[in-house]
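Structure at a glance
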Amino acid sequence: MVQTDEELRDRALKQLKKKRDFTANVFAYVVVNAFLVGIWAVTGSGFFWPIFPILGWGMGLIFHAWDVYQQPPTEEQIRREMDRLK
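The following refers to the structure shown. All residue numbers refer to positions counted from 1 along the written sequence of the respective chain. A pLDDT threshold of at least 70 governs which residues receive local features in this predicted model, and a stricter bar of 80 or more applies before side-chain atom pairs are shown or counted, although totals over entire chains, interfaces and linings include all residues. Only heavy atoms go into the side-chain values, all of them from the structure, while hydrogens and water stay out.

What about the overall build of the protein chain?
What counts is decided by this rule: A helix here means a DSSP run of H or I that spans at least four residues, while a strand means a run of E at least two residues long, and both kinds are numbered starting from the N terminus. For the radius of gyration, the atom set is restricted to C-alpha positions; the globular benchmark scales as 2.2 Å times the number of residues to the power 0.38. The buried label applies to any residue whose accessible area, calculated with a 1.4 Å probe on protein chains only, is under 20% of its type's maximum; exposed applies above 50%, and partly exposed to all values in between. Contacts are residue-level and defined by heavy atoms, with any inter-residue pair within 4.5 Å sufficient.
When you go through the protein chain residue by residue, the secondary structure sums to 3 helices and 0 strands. Of the regular secondary structure in the protein chain, the N- to C-terminal order runs α-α-α. Here the C-alpha radius of gyration of the protein chain, 20 Å, is well above what a compact globule of 86 residues would show, namely 12 Å. Seen through its principal axes, the protein chain has C-alpha atoms that stretch 60 × 30 × 15 Å. Classification of the 86 residues of the protein chain by burial places 12% in the buried group. Across the protein chain, contacts joining residues at least 24 apart in sequence account for 59% of those joining residues at least 6 apart.

Regarding a nonpolar patch on the surface
Definition in use: Without a salt bridge and with relative accessible area above 30%, a residue can belong to a patch; like charges are then joined within 9 Å and nonpolar side chains (Val, Leu, Ile, Met, Phe, Trp, Tyr) within 5 Å. Method for areas: the Shrake-Rupley scheme with a 1.4 Å probe, in which residue coverage is limited to the protein chains shown. Within this document, salt bridges are pairs made up of a side-chain nitrogen of Lys or Arg and a carboxyl oxygen of Asp or Glu, the two lying within 4 Å of each other.
Taken together, the side chains of Phe35, Ile39, Phe47, Trp49 and Phe52 make up a nonpolar region of the molecular surface, amounting to roughly 560 Å² of accessible area. Here Phe52 is to be found in helix H2 (residues 51-69). Given the relative accessible area of 54%, Phe52 is considered exposed.

Remarks on the pattern of salt bridges
Side chains that carry opposite charge are capable of pairing whenever their charged atoms lie near each other. If you walk through the whole model with that rule in mind, you get 6 salt bridges. Between Arg80 and Glu76 there is a salt bridge, with its nearest N and O atoms 3.8 Å apart. Of this pair, Arg80 and Glu76 both sit in helix H3 (residues 75-85), 4 residues apart, which is roughly one turn of the helix. The exposure class assigned to Glu76 is partly exposed, which follows from its relative accessible area of 36%. Across the pair Asp83 and Arg79 runs a salt bridge, and its minimum N-O distance is 3.2 Å. Placement of the pair is Asp83 and Arg79 together in helix H3, with a separation of 4 residues, close to one helical turn. A relative accessible area of 41% places Arg79 in the partly exposed class.

Points about unusual backbone geometry
Despite not being glycine, Ser45 has its phi angle at roughly 50°, a positive value. For Ser45, the position within the fold is in the loop between helix H1 (5-42) and H2.

A few points about the nonpolar core
Threshold: Remark: nonpolar core denotes a set of buried residues (Ala, Val, Leu, Ile, Met, Phe, Trp, Tyr, Cys) joined through side-chain atoms within 4.5 Å.
In this structure, Phe22, Tyr29, Ile54, Leu61 and Val68 together form the largest nonpolar core, which totals 5 residues. Secondary structure elements with two or more residues in this core: H1 and H2. Residue contributions to this core peak at 3 residues, all from H2. Every residue in contact with Val68, bar those within four places of it in the chain, is listed here: Gln15, Lys18, Lys19 and Phe22.

That is the geometry; function is a separate question.
Written out as structure tokens, the structure is:
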């Protein structure tokens, strides 16, 4: 499948936006969870309740990273899947 420069540019822009959005998500994750840990530390350091948003948001962050950095399917994989669907 040959792509035009316009199609490649559109794909590149989409991928760069996904990476920028992921970076913003990581930054928010770090800042918000550091703030929550700070609140926990200031209020007596009892049960470590910030673990819940840290783990919950962290799982979402892992899925976001998977979406951004997974490799596109190869032509061989596409061909095999097309053959399977026939």
